[in-house]
Amino acid sequence: MKPDFDRIIDRKNTRSMKWDGMEPYFGENNLVPLWVADMDFKSPPPVIEALSRRAEHGVYGYAGSYNAYFEAVRGWMQNRFGWNLEQEWISPAPGVIPALILLINALSMPGDRVVVQPPVYPPFFAAVNNCGRHLVYNPLIEEQGCYRIDFEDLELKLAWERVRLLILCSPHNPVGRVWTKDELEQVVSIASRHGVFVIADEIHADLVFGQARHTPLAMISDQAAQNCAVLTAASKTFNLAGLQTSNTIIKNEKIRNLYWTASKNSGFARPNIFGLEALIAAYNEGESWLEELLVYLSGNYALLQNYLAEKMPSLKAASPEGTYLAWVDCRAILSRKGNPARFFQDEAGLAFNDGSDYGPGGAGFIRINFACPRPLLEQALESMAAALDNLE
Ligand SMILES: Cc1ncc(COP(=O)(O)O)c(C=O)c1O
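So, how was this worked out
- Residues numbered from 1 in each chain as written.
- Predicted model: local features only at pLDDT ≥ 70, side-chain atom pairs only at ≥ 80, totals over all residues.
- Heavy atoms only, no water.
- Pairing = 2+ DSSP bridges.
- Helix = DSSP H or I, 4+ residues; strand = E, 2+ residues; numbered from the N terminus.
- Contact = heavy atoms within 4.5 Å.
- Axes fitted to C-alpha atoms, helices over the stretch in contact; angles between N-to-C directions.
- Core = buried A, V, L, I, M, F, W, Y, C linked by side-chain atoms within 4.5 Å.
- Buried < 20%, exposed > 50% of the residue type's maximum accessible area, 1.4 Å probe, protein only.
- Domains from an automatic or database assignment.
- Near = heavy atom within 4 Å.
- Polar contact = N/O pair within 3.5 Å; in protein donor to acceptor, adjacent residues only side chain to side chain.
- Areas by Shrake-Rupley, 256 points an atom, 1.4 Å probe, with all protein chains shown as cover.
- Phe/Tyr/Trp six-rings, centres within 6.5 Å; stacked < 30°, edge-to-face > 60°.
- Expected span 1.5 Å × (residues − 1).
- Arc of directions from axis to C-beta.
- Left-handed = near helix turned anticlockwise from the far one by under 90°.
- Nonpolar A, V, L, I, M, F, W, Y, C, P; charged D, E, K, R; others polar.

Engineer: How would you explain the sheet that holds strand β15 (residues 365–369) if you had to name every residue and give the values?
Structural biologist: Read from one edge of the open sheet, four strands run β11-β12-β15-β14, paired in antiparallel fashion. The outermost strands of the open sheet, each flanked by one partner alone, are β11 (316–318) and β14 (353–354). By the bridge criterion, three bridges tie β11 to strand β12 (residues 325–329) in an arrangement that is antiparallel. Along β12, the bridge assignment pairs K316 with D329. Lying on the sheet, helix α15 (residues 340–348) is in contact with β14 and β15; it crosses β15 at an angle near 55°.

Structure representation (structure tokens):
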């Protein structure tokens, strides 16, 4: 049966951050939420069945048998990317950000520097700062809505004293770039030249559209594989983020052992049984659902793009090659409307992420999560257009 992505599911009173948890971020809870990156769709039926079966069992003791997990991750990576993983490279973690924090602590010292590429996912900034490391920015270059890496600047920054790590967001949240092999090769070669280890956050790897193709960083070359950790998850792909489960993939044995020690020492090594069940079912049986999802998301993006072009031509959306997040340039209305996220909150009752949270290059932008039923997206776009018209 085809998934019914058009169906609006009431998520209120489900302890959802997106629907019930707006107050701390927006000061109110009655907005139409197109912000934090989860989807308003049900997970694939095999996932729901696997979770129901496990819930029915009624005994929820510690997890301790991971063969089916390893096989599911290996099968998925082989099938989607042609990436042949050894079992020992993989370990489950309670999320990409927890794994990122463990890696920062394991592979650098307080006072060291970590490079990020803004505008980028804000928890990267917090992770680096909270670990007592210093952020170094290698801002992306934007030209007419298209983003690319500033390789000259990257070469300079990675040569700085005490730069130990580069956090690569691939595909990139929020600008939606799916880095090409050529771009990744350049990243690998610059990082290796300067002895900087790369943490590749590939949580959006499965959400790629059109001609774009995601390449896991470790597949670029053996040099790349030895010099990176790849963080992936089924959480964005199959809408499982609340189950707090991700995959850390590290080929380099020395680095892997450092990571493992950090993971055990912080008590993060044992995974959640529901997270494991969901991931196994999703990777083993969820592929056809994902293909349908990608078609639906492309349709939503086309709707958003066309709507902006026709009714709100002063706003421009970068064409996402990946992720379900539209990065919308509102700088043309900035002087008249002030902060655009605030403007659409106050005048249209909408919750978008404010671009200025994404660091340098983010001010004047909003991030719209378009992974919702199309009728909801249409309603949000109409409210946006009406708010702009009212003040025109
Ligand atoms: C790039 C990126 N990394 C990490 C995360 C969060 O991952 P987790 O919930 O597994 O910590 C997100 C969520 O939006 C994300 O977009």
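Engineer: Quick rundown of the nonpolar core? Include the residues and the values.
Structural biologist: Judged by nonpolar contacts, the single largest core of 108 residues is most densely connected at L304, L315, F344 and M384. Shared between two domains, this core holds at least three residues of each, these being domain 1 (17–43 + 287–391) and domain 2 (48–285). When residues no more than four places from it in sequence are discounted, the contact partners of M384 are M312, L315, F344, A348, L350, F352, I366 and I368. One finds I167, C169, A233 and Y259 within the second-largest nonpolar core, a separate group that totals 30 residues.

Engineer: Talk me through the site of the ligand; I want residue IDs and the actual numbers.
Structural biologist: Every residue near the ligand is listed here: A37, G95, V96, I97, P98, Y121, C169, N173, D201, I203, H204 and K236. V96 is positioned with one of its backbone polar atoms (N or O) 2.7 Å from an oxygen atom of the ligand. Notes on the ligand: free accessible area 400 Å², of which the protein chains cover 90%. In terms of residues, the shell around the ligand owes the most to one element, helix α5 (residues 96–107), which gives three residues.

Engineer: An account of the packing of aromatic side chains is requested, with residue identities and associated values reported.
Structural biologist: Within the structure shown, the criterion is met by 20 aromatic pairs. Aromatic side chains F5 and F41 sit 4.9 Å apart centroid to centroid with 65° between the ring planes, which places their arrangement in the edge-to-face category. Taken together, the residues F5 in the segment before α1 (17–20) and F41 in the loop between β1 (32–33) and α3 (45–57) connect sequence positions 36 residues apart. Owing to a relative accessible area of 6%, F5 belongs among the buried residues under this scheme. Note on F41: relative accessible area 6%, which makes it buried. Where W76 meets F238, the ring centres are 5.5 Å apart and the plane angle is 65°; that geometry is what we call edge-to-face. With a gap of 162 residues between them, W76 in helix α4 (residues 67–81) and F238 in helix α10 (residues 235–238) connect regions that are remote in the sequence. Overall, W76 belongs to the buried group, its relative accessible area being 1%.

Engineer: Lay out the side chain of H172 with the relevant residues and their values.
Structural biologist: Position of H172 among the secondary structure elements: in the loop between β7 (163–169) and α8 (181–193). A residue is classified by how much of its surface remains accessible, and H172, at 0% relative accessible area, is buried. Only 3.1 Å separates the side chain of H172 from the backbone oxygen of Q117, close enough to count as a polar contact. Those residues in contact with H172, other than ones at most four positions away along the chain, are Q117, P119, V120, L140, R177, W179 and T323.

Engineer: Explain helix α11 (residues 253–265) to me, using residue names and the numbers behind them.
Structural biologist: For α11, which comprises 13 residues, the first-to-last C-alpha distance of 18 Å matches the rise-based estimate of 18 Å (1.5 Å per residue) to within 8%. Taken residue by residue, α11 has I255, R256, Y259, A262 and S263 as its buried positions. Taken down its axis, α11 places every buried residue within 130° of arc, on the same side. Those residues of α11 that are exposed and aimed more than 90 degrees away from the buried face are E253, K254, K264 and N265. Considering only its buried residues, α11 is in contact with β2 (90–93), α5, β8 (197–201) and β10 (246–250).

Engineer: Describe the packing of α4 against helix α12 (residues 273–285), listing the residues and the values that go with them.
Structural biologist: Axis separation between α4 and α12 bottoms out at 9 Å; the angle between their running directions is 35°. As α4 runs across α12, the sense of the crossing is left-handed. Where α4 abuts α12, its residues A68, Y69, A72, V73, W76 and M77 lie against L276, L279, I280, A282, Y283 and N284. Partitioned by chemical class, the residues of the contact of α4 with α12 number eleven nonpolar, one polar and no charged.

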